[in-house]
Amino acid sequence: MEEAVKTTCPYCGVGCGVIATVADNGAVSVRGDPDHPANYGRLCSKGSALAETLDLDGRILHPEIGGQRASWDEALDLVAERFARTIAEHGPDSVAFYVSGQLLTEDYYVANKLMKGFVGSANIDTNSRLCMSSSVAGHRRAFGSDTVPGCYEDLELADLVVLTGSNLAWCHPVLYQRLAAAKAKRPEMKVVVIDPRRTMTADIADLHLAIRPDADVALFVGLFSHLVANNAVDQNYVAAHTAGFPEVFAASAAVSFGEVLERTGLPAMQLREFYRLFTATEKVVTCYSQGVNQSSSGTDKVNAILNCHLATGRIGRPGMGPFSLTGQPNAMGGREVGGLANMLAAHMAIENAEDRDRVQRFWRSPAMAEKPGLKAVDLFQAVADGRVRALWIMATNPVVSMPDADAVEAAIKGCPFVVVSDILKDTDTVRHADVLLPSLGWGEKDGTVTNSERRISRQRPFLAAPGEARADWWQLAEVARRMGFAEAFTYAAPAEIFSEHAALSAFENAGSRDFDIGAHARLIGQAYEALAPFQWPQPAGRARAESRFFADGGFYHADGKARFVAVRPVDADRTCADYPFTLNTGRIRDQWHTMTRTGKSARLSAHIAEPFAELHPRDAIELGVGNACLVEIESPRGKAVVRALITERQARGSIFVPMHWTDQFAANARIDAVVPAITDLVSGQPASKNVAVAARRFKVAHYAFAVSHAKPTEADAAYWALAKADGGWRLELAFAGPVENWADWCRRVFSIPKTVEPLGYADAQTGDVRLAFFDGTRLLAAFFLACEPVAVARNWAIAQLGAEHTNMRKRFGLVAGRPGADKPDPGATICACFGVGVNQIVAAVRSGCHSVEAVGVALNAGTNCGSCRAEIRGIVDGCLATAAE
Ligand SMILES: Nc1nc2c(c(=O)[nH]1)N[C@H]1C(S)=C(S)[C@@H](COP(=O)(O)OP(=O)(O)OC[C@H]3O[C@@H](n4cnc5c(=O)[nH]c(N)nc54)[C@H](O)[C@@H]3O)O[C@H]1N2
Ligand SMILES: Nc1nc2c(c(=O)[nH]1)N[C@H]1C(S)=C(S)[C@@H](COP(=O)(O)OP(=O)(O)OC[C@H]3O[C@@H](n4cnc5c(=O)[nH]c(N)nc54)[C@H](O)[C@@H]3O)O[C@H]1N2
Ligand code: SF4
Ligand SMILES: [Mo]
């Protein structure tokens, strides 16, 4: 019997409901949950491909100590003993946890309770430091609490949606689709995108402001002055519910329009138009994400935005408000349990003695942390210099995602005792673990997550635990018991943890704290199993009609008023003669972070299969970098080598490189090795989007492309980038010089038996080499080498892995590296769901499909998850424009 289980997508903070079905033969399929209020049935390309990421390839199936298989008892005893001993010898601050917004709330709650209430240190920080901490700090300064006031519906109800530092189309695709659909229905609705790059999100924008890096404070300070000058201030709201207006008024007045123009680099017309729209429109939502948070002025950027919404009283009402988009599936849940080093549980403050006392009484804890702990960057610094001597890393990959990543790797390597809980055996971080604990992954684990609009949903298991893998909360509770805290960690199931968390949120609360889910404090067994998605707050016995905050004030500072925060624009140009470019880093549509899951899907890997650097065409010319050449990016911290992608979407002087590639997928593309650990002074969040770098052509003698049935072993090449492909793997390569015997090289890297002779040729004149290895009618590997970037059609070559090569003509066709006349090259994949390539779309446009919809009818492209619709529109528009010339 097929079983359909309602659960939640494990990727972005939109938090879409998913229905997973397991067929009798074990095959899993997923679809959007039509009843879930985040997505109403929609899923993006990553959500739709979830079933392709669930295989057990590379999973850790049992604990390991020093690389050797161990029993759970041995591993847990060792972790408890080493942590206890380190604490006894060096004090509670000599140990630390580094956790993740991808933990479930239950896991996170237990980790935080153990460290802050029982170890007695606040040295627990999380990858949310790299993600949300500027928003948390900005919210707390303005509101007195870390509250996101609005909900998703506001984006549909607004007349103006401002997206700043957010690539919503790629990073929160279903929310983007909801916005795009609302705008299609009400074309008078305006969208403004503020981003130094022209991203796919700008596709639906009425106005795109290509702002200079980190000029956001200037932009919003200028807006504040404009609102005041044009009588847009809501005097009643400001008088009744806020404090600090005069100071901000004075600070803003000190920044002239001319200064704003200069700092933002925007044309005056555009800036005026944005200010006019914002001033004239009552229903405004301002959404922001990492272009705001990941900055040395991140917290000020947040407050500059909040100031404008507070001044106009546009907050907490339908279609109005500031909206911080959370990145990870449970970034919000992590904030609820107080997982950051400078927070306490249930939105209480660690620096507040009453709060500490309250939590201590509730937990009956022997040793409460008395001061904030180390924030991520400082934490790894403390690991490096030996202040932290035992570290537990859970559900995050800091060797890839932390700034100054090589120094972080060295710190982890040098740490006397490192525990890693992960699902994969081989990641850039896992490889340095002394103790490796196998965790449950999505589909196996059981608990709750909270999305960007404060909606708590269940993640339910539908697969059996593989091998000996166990839940993260269980691992933590077992170690806590072994450290002597058995009574406080008796949990037998996640429901018990959730109800304790809910009870703490209501404990001595009575409306004094925003986070209150007391209605669920006695949730057990079946009720927890059946828990439907709900938005907080949900206090016990006091039904709340409104799920938004602050329309009528009620802020969480002692006087109930919000604070305006006087912020000043700062000079953020870090470039100099040696490092003349600004490196900006971020995400692509179809990969998730360090690729440990999305990298398993051939379909998702087809969208962009290689690490790249987006360069402006004029910069590329000056650097002598042609399209598809390799480019080296260097800062004083490190280097990376990636493919050049030349595009007008990129501003001059600025380079965009994705954050995703790891040492597992490329030779040298961990971009955080290049990013220095510059942080926001208030939040401690690293500035990942504004790095001074040098760029140059990476000179190589040969470029190559290969497809292989077997996973290639580590290639000794100057450059390589590996990706999953249908029927095997694809490998981009470059070599500094010739290799003695190319056939032998291929045999070694593609695990081909010595007995298999290649079909192919080496052209001494052009330097081209083409080799194909067959096992009967099946292709084992094909290798194409040239002195220029290899022009062979990638999708065609990949398709040969699955094809039957019945006769010699076909086999020679492969070596010639040309698609047969019968099989045109589909080009780079645009629609991941149906595998439709750019060439196919261009052909469809040429044959009369002049809209995204028409292309959809002809090719199905863009008709499933819709994530690629913006790209299809770009291709259609591009073709039509070319045709009109
Ligand atoms: N496909 C995909 N989706 C994801 C993720 C993923 O890995 N892959 N990760 C999730 C997570 S954890 C997060 S945090 C979110 C992040 O979601 P986003 O914040 O939307 O994504 P980013 O690409 O990091 O950065 C957003 C934009 O900020 C712009 N930017 C850079 N500097 C500035 C600046 O100074 N000012 C302004 N206004 N903009 C600037 C960048 O050009 C970039 O387009 O995505 C989530 N969704
Ligand atoms: N340069 C640059 N750096 C960045 C960013 C950027 O924009 N630019 N963005 C930053 C942001 S916003 C974020 S959120 C981080 C993300 O960076 P990371 O958190 O380091 O990235 P992930 O790949 O999501 O790491 C999750 C790890 O947990 C494992 N895992 C998956 N599920 C589970 C589970 O259930 N339990 C356990 N124990 N393990 C599991 C995965 O295999 C993987 O190793 O990167 C940050 N770094
Ligand atoms: S938008 Fe996509 S990645 Fe984000 S939760 Fe929904 S399906 Fe998952
Ligand atoms: Mo994030």
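Going by the structure above, here's the rest.
Residues numbered from 1 in each chain as written. Chains lettered and ligands numbered in written order. Predicted model: local features only at pLDDT ≥ 70, side-chain atom pairs only at ≥ 80, totals over all residues. Heavy atoms only, no water.

Caption draft 1: Representation of helix α16 (residues 353-363) in the model. Within α16, the full set of buried residues consists of D355, R356, R358, V359 and W363. The buried residues of α16 all sit within an arc of 160° when viewed along its axis, so they share a single face. Against α3 (105-119) and α21 (494-506) lie the buried residues of α16. Where α16 begins, one side-chain oxygen reaches toward the backbone nitrogen of E354, 2.8 Å away; that side chain belongs to N352. (Buried < 20%, exposed > 50% of the residue type's maximum accessible area, 1.4 Å probe, protein only. Helix = DSSP H or I, 4+ residues; strand = E, 2+ residues; numbered from the N terminus. Arc of directions from axis to C-beta. Contact = heavy atoms within 4.5 Å. Polar contact = N/O pair within 3.5 Å; in protein donor to acceptor, adjacent residues only side chain to side chain.)

Caption draft 2: Structural detail: the site of ligand 3. By nearness alone, every residue bordering ligand 3 is listed as C9, Y11, C12, G15, C16, L43, C44, K46, G47, P173 and V174. Grouping the constituent residues of the shell around ligand 3 by class yields eight nonpolar, two polar and one charged. (Near = heavy atom within 4 Å. Nonpolar A, V, L, I, M, F, W, Y, C, P; charged D, E, K, R; others polar.)

Caption draft 3: Fine view of the packing of aromatic side chains. Here the structure, examined in full by the defined rule, presents 36 aromatic pairs. Seen in terms of ring centroids, Y98 and F380 are 5.1 Å apart; in terms of plane orientation they differ by 80°. Their pairing is edge-to-face. With Y98 in strand β6 (residues 95-99) and F380 in helix α17 (residues 376-384), this residue pair connects regions lying 282 residues apart in the sequence. Taking relative accessible area as the criterion, Y98 reaches 0% and is therefore assigned buried. Note on W745 and F783: the rings are 5.8 Å apart at their centroids and 40° apart in plane angle, and the pair reads as tilted. You can see W745 sitting in helix α25 (residues 742-749) and its partner F783 sitting in strand β32 (residues 778-786), a full 38 residues away along the chain. W745 sits in the buried class, given a relative accessible area of 2%. For F783, a relative accessible area of 0% puts it in the buried group. An aromatic cluster of three or more residues is present, and its members are F143, F515, W536, F549, F550, F555 and Y556. The side chain of R794 reaches across the aromatic face of F705, ending 4.3 Å from its centre. (Phe/Tyr/Trp six-rings, centres within 6.5 Å; stacked < 30°, edge-to-face > 60°. Lys NZ or Arg CZ within 6 Å of the ring centre and 35° of its normal.)

Caption draft 4: Here's a closer look at the site of ligand 2. As a matter of local geometry, ligand 2 sits amid 28 residues, with Q102, S401, D422, T594 and D672 nearest to it. Backbone polar atom of S421 to a nitrogen atom of ligand 2: 3.0 Å apart, as the coordinates give it. In this structure, D472 approaches ligand 2 through a side-chain N or O atom, which is 2.8 Å from a nitrogen atom. Isolated, ligand 2 exposes 920 Å² of accessible area, and the fraction of that covered by the protein chains is 99%. The residue makeup of the shell around ligand 2, split by class, is seven nonpolar, 15 polar and six charged. (Areas by Shrake-Rupley, 256 points an atom, 1.4 Å probe, with all protein chains shown as cover.)

Caption draft 5: Looking closely at the layout of surface pockets. As a volume, the largest pocket reaches approximately 1,300 Å³. Grouping the constituent residues of the lining of the largest pocket by class yields 25 nonpolar, 10 polar and 11 charged. (1 Å grid on protein atoms, 1.4 Å probe; cavity = no way out; pocket = protein on both sides within 12 Å on 5 of 7 lines; lining within 4 Å. Points joined across faces, edges and corners; volume = space filled by probe spheres on them.)

Caption draft 6: Structural view of the nonpolar core. Judged by nonpolar contacts, the single largest core of 114 residues is most densely connected at F83, F97, L219, F274, W392 and F489. Those residues within four positions of W392 in sequence are excluded, and the remaining contacts are V79, F83, A96, F97, Y98, V419, S421, L437, Q475, L476 and V479. Judged by nonpolar contacts, the second largest core, of 101 residues, contains M189, A620, V625 and V674. (Core = buried A, V, L, I, M, F, W, Y, C linked by side-chain atoms within 4.5 Å.)

Caption draft 7: Representation of the sheet that holds strand β7 (residues 124-126) within the structure. The mixed open sheet is built from seven strands, whose spatial order is β5-β4-β16-β15-β14-β6-β7. The strands lining the two open edges of the sheet, one partner per strand, are β5 (68-69) and β7. Bridge count for strand β15 (residues 417-422) against strand β16 (residues 435-438) is four bridges, and the pairing is parallel. Looking across to β16, one finds that D422 is bridged to P438. (Pairing = 2+ DSSP bridges.)

Caption draft 8: Quick look at the sheet that holds strand β8 (residues 160-164). If you trace the five strands from one edge of the open sheet to the other, you get β10-β9-β8-β12-β13, paired in parallel fashion. At either end of the open sheet lies a strand with only one pairing partner, and these are β10 (207-209) and β13 (321-324). Here the strands of the sheet are splayed against their neighbours by 15° on average, with no regard to which way each runs. Alignment of β8 against strand β9 (residues 190-194), held across five bridges, turns out to be parallel. Of the residues in β9, the one forming a bridge with V161 is V191. Sheet contacts for helix α14 (residues 298-311): β8, β12 (284-288) and β13; angle to β12, the most-contacted strand, approximately 170°. (Axes fitted to C-alpha atoms, helices over the stretch in contact; angles between N-to-C directions.)

Caption draft 9: Expanded view of the side chain of D125. Along the chain, D125 falls in strand β7. Since its relative accessible area comes to 0%, D125 is described here as buried. Not counting the four nearest positions on each side in its chain, D125 is found in contact with F97, Y98, V99, G339, L340, A341, L374, K375, A376 and L379.

Caption draft 10: Structural detail: the side chain of H347. Tracing the sequence through the fold places H347 in the loop between α15 (331-336) and α16. Side chain to side chain, H347 and D514 meet in a polar contact 2.8 Å long. Ignoring anything within four residues of it in the chain, the contact list for H347 reads D146, R335, E336, R513, D514, F515 and W536.

Caption draft 11: Inspection of empty space enclosed by the protein at higher detail. Tallied over the entire structure, the rule returns six cavities of 30 Å³ or more. Roughly 120 Å³ of volume is contained in the second largest cavity. Partitioned by chemical class, the residues of the lining of the second largest cavity number seven nonpolar, three polar and four charged.

Caption draft 12: A look at the pattern of salt bridges. Within this structure, the stated rule accounts for 58 salt bridges. R643 is the partner of E732 in a salt bridge, and the nearest nitrogen-oxygen pair spans 3.4 Å. Of the two residues, E732 is situated in strand β29 (residues 728-735) and R643 in strand β24 (residues 639-646); the sequence distance between them amounts to 89 residues. With relative accessibility at 6%, the residue E732 sits in the buried group. Overlapping salt bridges, with partners in common, bring together D73, D77, E478, R481 and R482 in one network. (Salt bridge = Lys/Arg side-chain N within 4 Å of Asp/Glu carboxyl O.)

Caption draft 13: Inspection of the packing of helix α11 (residues 257-264) against helix α12 (residues 268-280) at higher detail. At a minimum axis distance of 10 Å, the contact between α11 and α12 shows a crossing angle of 110°. When the axes of α11 and α12 are compared, the pair comes out roughly perpendicular. Pair α11 / α12 crosses with right-handed handedness. Contact residues: F257, V260 and L261 in α11; A268, L271, R272 and Y275 in α12. (Parallel < 35°, antiparallel > 145°, perpendicular 65-115°, else oblique. Left-handed = near helix turned anticlockwise from the far one by under 90°.)

Caption draft 14: Geometry of the pairing of strand β17 (residues 447-450). Along β17, one buried face is formed by G447 and V449 and the opposite face, lined by T448 and T450, is buried too. Pairing geometry for β17 and strand β18 (residues 455-459), over four bridges, is antiparallel. Bridged to G447 within β18 is Q459. The turn linking β17 back onto β18 is made up of four residues, and R454 within it adopts a positive phi angle of 65°.

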